[in-house]
Amino acid sequence: ESLLISTAGGGMGLVMSFWGIKLLRAGFSFNDYGRQQATGFRLDPPTMLFTLAVTLLTTLVFGLLPAMRSSGANPREALSKGGRAGSSSFVGSRLRSVLVMGEIALALVLLAGAGVIQREWVRELTQPNGFNPKHLLVAQIDLKGRRYQNSDAQAAFFRKAADKVRTLPGVENADFDTCVPTGCNYKTSFSIVGEPKLPESRRPSADYFVVGPTYFRTMQIPLMKGREFLGSDNAHAPVVAVVNREFARRFLPRGDAIGRQIEVDQGQNKQAQIVGIVGNVNDFVGQLTPHPQIYESYLQIPSASMALVLRSAVDPSVLAPMLRRAVWSVDKDQPVGRIQTMQDLIADNVGGDKMMVTLTGIFAAMALVLAAVGIYGVIAYSLTQRTREIGIRMALGAQKGDVLALVLRQGGLLAGIGCALGALLALPLPRLFSGLFNGFAAQGPLAALVSTLIVAAVSLLATYIPARRAARVDPMVALRYE
């Protein structure tokens, strides 16, 4: 019987896993990287062997051991006490109770862990990015052809393209950037002129961006001090740079960042004078600690590969065809890469986290259902064994409420002990996660407390259903129960 049940359960699990893999692949289609990773999700021979081994182990542990204990029973004793009472052994009853309490505790731990991860993910999504991602459209342009091997030709193309795009209806501003925030992360080492120059391996580093004159206004990155880039900051003018607030705080804490010169170990290695300080911008969603950042103008430090960032007063996605035509009006041979909104780009970057959070929640819900089924099974089986006892109690004057309270106390004791054990295991989870994962914010006991309430409520509901049925038993039927 145990082998039949476990084999049927394992087979149903394999069938459901085929559907689960299809859903998993669909869930990881948030970007090309996710789809590439999803190709590795499959049922291979090791997975099948593992499923078979778990099925056989379940049969041995939960089928063979009870069978061995039952086969050693004294037939006369079993018939004399089991023919009508049918009560289970004290050891068997205690073992079932311990298993259910452990199941409840583990379900609570998994549910609390899912809650901690959910809260962290919500915190990441609500973390300020340092710019306004709404109504932004991003398009990648990589210049092709021999004519754009010259840096002046590169700068001229991007300047003309930006001017063309700004004339489109509904466009508020547009400019270029070599590294879109939350979409890439490029770093460079640098030196501060006037301070001892360290070997390149020991120099400090910062995020590095080459942007257009109106980039900060397009992204709505606040200017804290000084000025932004100007159209006159071109190849014939002294090289200038803009840094973020974290750069100024960390490397120039005396408040003298404006006017200081830095030398970036990138491109032409020209000394650049700092002319402005802007707000901190996150490199990725949920970043807690700001990184130092350096910006230079593409009119002075040209690049052949840049991303066009466009801000519009309307839905930016409808501007994609017009954007392509505007770029092709400058040079029809230049391809315009993937066009997407900034919000879609951010969603792509958090797609993997979102999928893992969803999976964790699904597994926690399944554990909660299993715990509810377990406690329901134990209480229902116990009531089956105590049918005559319940009939006698009711024949002697016990009311339905008394029977209901009796059963609820039994189930409540199992749920209470299981929830207490689970809460003790769940309380350290926030501190454990914050120690294991970089940037994971420390949380309080809220997830453990809420999970305890949920598991307790579900456990009591699973107890109430068989208790209500037991309270409706006809005493005469119960007394005749064999």
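Everything here concerns the structure above.
Predicted model, so just to flag it, every value in this text is computed and none were measured.

The next subject is the pairing of strand E8 (residues 271–278). If a strand is regular, its side chains alternate between the two faces of the sheet. Counting buried residues along E8, six of its eight residues qualify, which places the element largely inside the surrounding structure. In this structure, strand E5 (residues 223–226) lies alongside E8, joined through three bridges in antiparallel fashion. Across the sheet, the residue bridging to Lys225 is Ile277, located in E8. Relative to E8, strand E6 (residues 240–244) runs parallel, the two being bridged by five bridges. What sits directly across from Ala241, in E8, is Ile274. Bridge count between strand E7 (residues 261–264) and E8: three bridges; the pairing is antiparallel. Each residue of the ladder has a partner; that of Glu263, found in E8, is Gln271.

Taking 1.5 Å of rise per residue, the 27 residues of helix H3 (residues 45–71) would be expected to cover 39 Å, and the 37 Å separating its terminal C-alpha atoms lies within 8% of that figure. Helix geometry: H3 is bent most strongly at Leu64, by close to 30°, with proline Pro66 lying one to four residues after it. Considered for burial, the residues of H3 that qualify are Thr51, Thr55, Thr59 and Gly63. Looking at the packing, one finds that the buried side of H3 touches helix H1 (2–27).

This part takes up the packing of aromatic side chains. Taken as a whole and assessed by the stated rule, the structure comprises 13 aromatic pairs. Considering the side-chain rings of Phe216 and Phe229, the 6.1 Å spacing of their centres and the 25° angle between planes classify their relative orientation as stacked. Of this pair, Phe216 sits in helix H7 (residues 215–219) while Phe229 sits in the loop between E5 and E6; the two residues are 13 residues apart in sequence, bridging distant segments of the chain.

Once that is clear, we can look at the environment of Ile379. By the element assignment, Ile379 lies in helix H11 (residues 351–385). Classification of Ile379 by relative accessible area gives buried; the value is 0%. Between the C-alpha atom of Ile379 and that of Arg249, which follows or precedes it by 130 residues, the distance is 64 Å. Excluding its chain neighbours within four sequence positions, the residues that come into contact with Ile379 are Val407, Gln410, Gly411, Leu414, Thr463 and Pro466.

Attention now goes to the side chain of Ser459. Topologically, Ser459 is positioned in helix H15 (residues 446–471). For Ser459, a relative accessible area of 2% translates into the label buried. Excluding its chain neighbours within four sequence positions, the residues that come into contact with Ser459 are Ile104, Ile375 and Ala415.

As a further point, take the environment of Ala423. Tracing the backbone through its elements, the reader meets Ala423 in helix H13 (residues 400–426). On the basis of relative accessibility, which here comes to 18%, the residue Ala423 falls in the buried class. Sequence separation between Ala423 and Val109 is 314 residues; the distance between their C-alpha atoms is 7.1 Å. Residue contacts for Ala423: discarding those within four places in its chain leaves Leu108 and Thr452.

The phi dihedral of His135 falls on the positive side, at around 60°, and the residue is not glycine. Take His135: it is sitting in the loop between helix H5 (90–126) and strand E1 (136–142). Take His135: its relative accessible area is 37%, and that puts it in the partly exposed class. Positive phi, normally seen in glycine, also occurs at Gln220, with a value near 60°. Examined against the element boundaries, Gln220 turns out to sit in the loop between H7 and E5.

Evaluated as defined, the whole model comprises 14 salt bridges. The partner of Arg250 in a salt bridge is Glu246, and the shortest N-O contact between them spans 2.9 Å. Of this pair, Arg250 and Glu246 both sit in helix H8 (residues 245–251), separated by four residues, roughly a single helical turn. The exposure class assigned to Glu246 is buried, which follows from its relative accessible area of 5%. For Asp256, the salt bridge is made with Arg254, and the minimal N-O distance between the two is 3.7 Å. Several salt bridges share partner residues, and in doing so they unite Glu195, Arg254, Asp256 and Arg260 into one network.

Quick look at a nonpolar patch on the surface now. Taken together, the side chains of Leu57, Leu60, Val61, Phe62, Leu64, Leu65, Met68, Leu95 and Leu99 define a hydrophobic patch exposed on the protein surface, amounting to about 860 Å² of accessible area. Secondary structure elements with two or more residues in the nonpolar patch: H3 and H5. Looking at which element gives the most residues to the nonpolar patch, the answer is H3, with seven residues.

Parameters at a glance
- Residues numbered from 1 in each chain as written.
- Predicted model: local features only at pLDDT ≥ 70, side-chain atom pairs only at ≥ 80, totals over all residues.
- Heavy atoms only, no water.
- Buried < 20%, exposed > 50% of the residue type's maximum accessible area, 1.4 Å probe, protein only.
- Helix = DSSP H or I, 4+ residues; strand = E, 2+ residues; numbered from the N terminus.
- Pairing = 2+ DSSP bridges.
- Expected span 1.5 Å × (residues − 1).
- Bend = angle between axes of the 7 residues up to and from the residue.
- Contact = heavy atoms within 4.5 Å.
- Phe/Tyr/Trp six-rings, centres within 6.5 Å; stacked < 30°, edge-to-face > 60°.
- Salt bridge = Lys/Arg side-chain N within 4 Å of Asp/Glu carboxyl O.
- Patch = residues over 30% accessible without salt bridge, like charges linked within 9 Å, V, L, I, M, F, W, Y side chains within 5 Å.
- Areas by Shrake-Rupley, 256 points an atom, 1.4 Å probe, with all protein chains shown as cover.

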